[in-house]
Amino acid sequence: MTSATTATENHGAHPRFAEALRGMGLAEVLGRVRRFPDRTRTAAEAAAAIGCELSQICKSLVFAADGEPVLVLVDGASRVDVELVRRALGAQRVTRADAGVVRETTGYAIGGVPPFGHRTATRVLADRGLLGHDVVWAAAGDPHTVFPMAPATLIAHAGGTLADVREGGGGTGGGTGGA
């Protein structure tokens, strides 16, 4: 085992996510991963552990659009308006994916889904509200770990399309429920 391998194994990020970072040329992000003894499964738990605003947390949520998984990135203080997601995708129906679909699609459990580095390629929508911060924090593949990144950089690496998908965040009309 090399010293570089040892150093990166101690970062705390999920191995799949760590490998994705390395493959994207972002190995330096591993040095910024924070691991917490208590889980940070919810945005509120993560914000409290980090000591940042709730809106600086980037939630990675999986939905099913006409049966196809789609990842939606939104700030931790907001709820996703599924009607706005439906419109942005041109889908007939959008629902929240269940835990099995989330794990099958991303390779991670709910509460630890990172914005990229997933098992399968999925379409990604990123709410424009994320761009209102210099830095956001996202899960590093495990409910105990997070990493910081500039939102524009995070969205680019996720292959995200900017959209207004949060409740009250710039879309028109009322939604059919949030997440």
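Since the model is a prediction, treat every value here as computed from it, not as a measurement.

Let us look at the environment of Ser60. Tracing the sequence through the fold places Ser60 in strand β2 (residues 57-65). We classify Ser60 as buried; its relative accessible area is 11%. Ignoring anything within four residues of it in the chain, the contact list for Ser60 reads Leu71, Val72, Leu73, Val113, Pro114 and Pro115. Of the polar contacts made by the side chain of Ser60, one reaches the backbone oxygen of Val113; its length is 3.3 Å.

Next up on the list: unusual backbone geometry. Within the chain, Asp66 stands out as a residue other than glycine whose phi angle is a positive 50 degrees. Within the secondary structure, Asp66 sits in the loop between β2 and β3 (68-75). Take Asp66: its relative accessible area is 43%, and that puts it in the partly exposed class.

Every other side chain in a regular strand lies on the same face of the sheet, so the side chains alternate between the two faces. Most of β3 is tucked away: six of the eight residues are buried. For β2 and β3, the ladder comprises eight bridges, and the chain directions are antiparallel. Within the sheet, the bridge partner assigned to Cys58 lies in β3 and is Asp75. Hairpin connection, β2 to β3: the antiparallel pair is bridged by two residues, and Asp66 has positive phi, about 50 degrees. Examined bridge by bridge, β3 and strand β5 (residues 123-127) share four bridges and lie parallel to one another.

The rules behind these values
Throughout this description, residue numbers start from 1 for each chain and increase along the sequence as written. Where local features are concerned, this predicted model is filtered to residues with pLDDT of at least 70; where side-chain atom pairs are given and counted, the filter is 80 or more; whole-chain, interface and lining totals use all residues. For side-chain calculations, the full set of non-hydrogen atoms in the structure is used, while hydrogens and water are omitted. Put simply, DSSP marks the helices as runs of H or I at least four residues long and the strands as runs of E at least two long, and each gets a number from the N terminus on. Only protein chains enter the area calculation, which uses a 1.4 Å probe; residues under 20% of their type maximum are buried, those over 50% are exposed, and those in between are partly exposed. Throughout, a residue-residue contact means that at least one pair of heavy atoms, one from each residue, lies within 4.5 Å. Polar contact is defined as a pair of N or O atoms within 3.5 Å, subject to the rule that within protein one atom must be able to donate a hydrogen and the other to accept it, and that residues adjacent in sequence are counted only when both atoms are side-chain atoms. A pair of strands counts as paired when DSSP detects no fewer than two bridges linking them.

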